[in-house]
Amino acid sequence: MRIVASLTVLAVAGGLASFGLRSESAGPQWQALRAQFSDQEWARLLRTADLPAPSDPTNKVFHDDAAFRLGRALFYEKRLSGNGELSCASCHDPARDWTDGKALAVGLEQVDKHTPSLWNSALNRWQFWDGRADSLWSQALQPIEHPKEMGGNREEVAELVLTDPDLRALYLEAFGPAPQELSATLTAERVFVQVGKALAAFEGRILTAATPFDQFVSGLQTGDPEDLAALDPLAIVGAKLFFGEAGCHLCHHGPLLSDMEFHDVELPREGAPEPARHAGVGRLLTDPFNGRGQHSDDVEAGRERLAYLNRTPHQRGEWKTPGLRNVARTAPYMHNGVYASLDEVLEHYSTLSDAPARSHTDAKRVLEAGQFDGSQLQALKAFLQSLSSPPPPSELLPPLDSDS
Amino acid sequence: MEPPKNISRTRRKRGIPCRLLLVLGALVASCSGERQPGIYQDGQPVRPFTSTESNLYQVRWASQPHPIPINEPFEIVLDVLGPEADLTLEVDGWMPSHGHGMVRTPRVTPLGNGRYQVQGMLFHMEGAWELRVALAWRENLGDSFVIRRDNVVFEVQI
């Protein structure tokens, strides 16, 4: 009996927790809002609260201040590139919310992907649009050596870090002396990995601060009238659509407003779907810098990350669901930058008029056209605009002596 | 709590008395704090035994944690009750209204006496899921054998 009673108490307590404030202690403003949302919509709203703190057991310097300082210098360091003119910040510009404002990224050449924003990237389950990296540090290494992006190489990067007086001082502070007992090739690879881990220590702090929407959700939890007033009425209508009838929450949920997985959202295309996540899984499992590889600081944790990955034909055409924090400031949109504005994105989901014809192999249509009217489109846009956080703090901006 | 001894070793033993015993056993184990492989010691609700498509086997399960969280990994423990056989189990999740399944392939580990641990489950989207359990076993036919298959589907709302 005692067990049954305890379970009952837990169930009741859990129920209250999931719906926030006790209704009898809330003011009329909260009461009106509570009546506006269904139980499910309300629960989905509350699930967006509390952005988690990022961590990465495969990178033991992820939280280290010295690694952060080295990572900050490296992030804005153009000498990592083959032509000495491109840094990470060339595409991930803090003044543009860590993206570049272009439909398709341009490094040494134009590539076929849109530059994703780095906001909250440390909280991604997978990195890149196809998820071909399982950590920020392994992600950071690929653009440096990609011939169309930065066009650098690990040997020159290692030499730069170990010989440039400023970078060497930061390196020694973060990692101590470079390994002497290894061959030049192995030393270069080891230092290259450390460069990735330092960059991840920097990028791991690119986290969004509270937004008007977060303040509103806090108000739903506490009843604070000032917090409840943080979202204008049009954005509240948009939130109700987003977390309800429109079904946006199916992929865009939780604190990041992303399920962190991969979907085909029927973007316009010619021909067959791209390999996308299908290829991404293959590359991830064979990446020498993945979390279960020799450079991981926690191979077991890395193995666990990759242990259950599957690779199926359905993954063709599936790209990662982006988080939506600061989405209003990170146009263009989608993995290929096909839409120039939020209006175009919403129009796509409203009509699916530009969706490709379905092949017989995947005839079941997952997405349905939302058929939003003009006021609904405006409300959804207002909600998305309420997800904008303050600009990056100065500690994330270029060092004063940087020419980036 | 000992894993149920009659599972998979007993032919066609099923019904309310057995079910009650199993659930009571789980509650006793919770109360005594006894730690055993599996998850029932934490007092999670256990889905009632459900017959497989062929009615040969009965399957029940519980999740850890409970309720199943949206887009977070979880494990389940399955109990299989029915004819003695060297069963191989495959477990998968499916969203019938979306036409897709999980983004992972879970790992099934036999714990003995008809109990199986399933690791690596992830329901990454809210909505109606099916927990699909496929059973396969080898049936000897004198000097040859055939592979028999069976399955059971549980509806799960996330």
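Fair warning: this is a prediction, and the values are worked out from it, not measured in the lab.

Quick notes on the rules
- Residues numbered from 1 in each chain as written.
- Chains lettered and ligands numbered in written order.
- Predicted model: local features only at pLDDT ≥ 70, side-chain atom pairs only at ≥ 80, totals over all residues.
- Helix = DSSP H or I, 4+ residues; strand = E, 2+ residues; numbered from the N terminus.
- Buried ≥ 20, exposed ≤ 12 C-beta atoms within 10 Å, placed from the backbone.
- Contact = placed C-beta atoms within 7 Å.
- pLDDT = per-residue confidence, 0-100.
- Pairing = 2+ DSSP bridges.
- Nonpolar A, V, L, I, M, F, W, Y, C, P; charged D, E, K, R; others polar.
- Domains from an automatic or database assignment.
- Expected span 1.5 Å × (residues − 1).
- Arc of directions from axis to C-beta.

(A) Summary view of the overall build of chain A. Assigned secondary structure in chain A consists of 16 helices and two strands. Viewed in the frame of its principal axes, chain A has a C-alpha envelope of about 70 × 55 × 50 Å. Expressed as a percentage of its 404 residues, the buried residues of chain A come to 42%.

(B) Layout of the overall build of chain B. Looking only at helices and strands, chain B has one helix and nine strands in total. In chain B, the succession of helices and strands from N to C terminus is α-β-β-β-β-β-β-β-β-β. Looking at chain B alone, contacts between residues at least 24 apart form 57% of all its contacts between residues at least 6 apart.

(C) Main features of the confidence of the model for chain B. All names here are of chain B. For chain B, per-residue confidence averages 79 on the pLDDT scale, and residues scoring 70 or more make up 72% of the total. Segment residues 1-39: pLDDT under 50, and 69 contacts once partners within four positions in sequence are set aside and those in other chains are kept. The complex model carries a pTM of 0.88, and its ipTM stands at 0.87.

(D) Examining the sheet that holds strand 4 (residues 88-95) of chain B more closely. Residue and element names in this part refer to chain B. In space, the four strands of this open sheet follow the order 5-4-8-9, with antiparallel pairing throughout. Sheet topology places strand 5 (100-101) and strand 9 (144-157) at the edges, where each strand pairs with a single neighbour. Strand direction decides the pairing type here: strand 4 and strand 8 (residues 128-141), joined by seven bridges, are antiparallel. The residue of strand 8 that forms the bridge with Gly-93 is Leu-131.

(E) Expanded view of the interface of chain B and chain A. Taken together, the contacts link 19 residues of chain B with 16 residues of chain A. Ranked by residues supplied to the side of chain B that touches chain A, first place goes to helix 1 (residues 16-32) of chain B with three residues. Partitioned by chemical class, the residues of the side of chain B that touches chain A number six nonpolar, ten polar and three charged.

(F) Summary view of the domain arrangement of chain A. Residues and elements named next belong to chain A. Annotation of chain A at the domain level lists domain 1 (26-55 + 210-274 + 317-391) and domain 2 (65-207). Taking only C-alpha atoms into account, the centre of domain 1 sits 31 Å from that of domain 2. Residue-level contacts link 19 residues of domain 1 with 22 residues of domain 2. Class assignment of the residues belonging to the side of domain 1 that touches domain 2 gives a composition of ten nonpolar, six polar and three charged.

(G) Structural view of helix 16 (residues 374-385) of chain A. All names here are of chain A. Over its twelve residues, helix 16 runs 17 Å from end to end, which matches the ideal 16 Å to within 8%, given 1.5 Å per residue. Along helix 16, the positions that sit buried rather than exposed are Ala-379, Leu-380, Phe-383 and Leu-384. One side of helix 16 holds all its buried residues, which, seen down the axis, span an arc of 140°. In helix 16, the exposed positions angled more than 90 degrees off the buried face are occupied by Gly-374 and Ser-375. Turning to helix 16, the residues buried within the fold contact helix 12 (233-242) and helix 15 (342-351).

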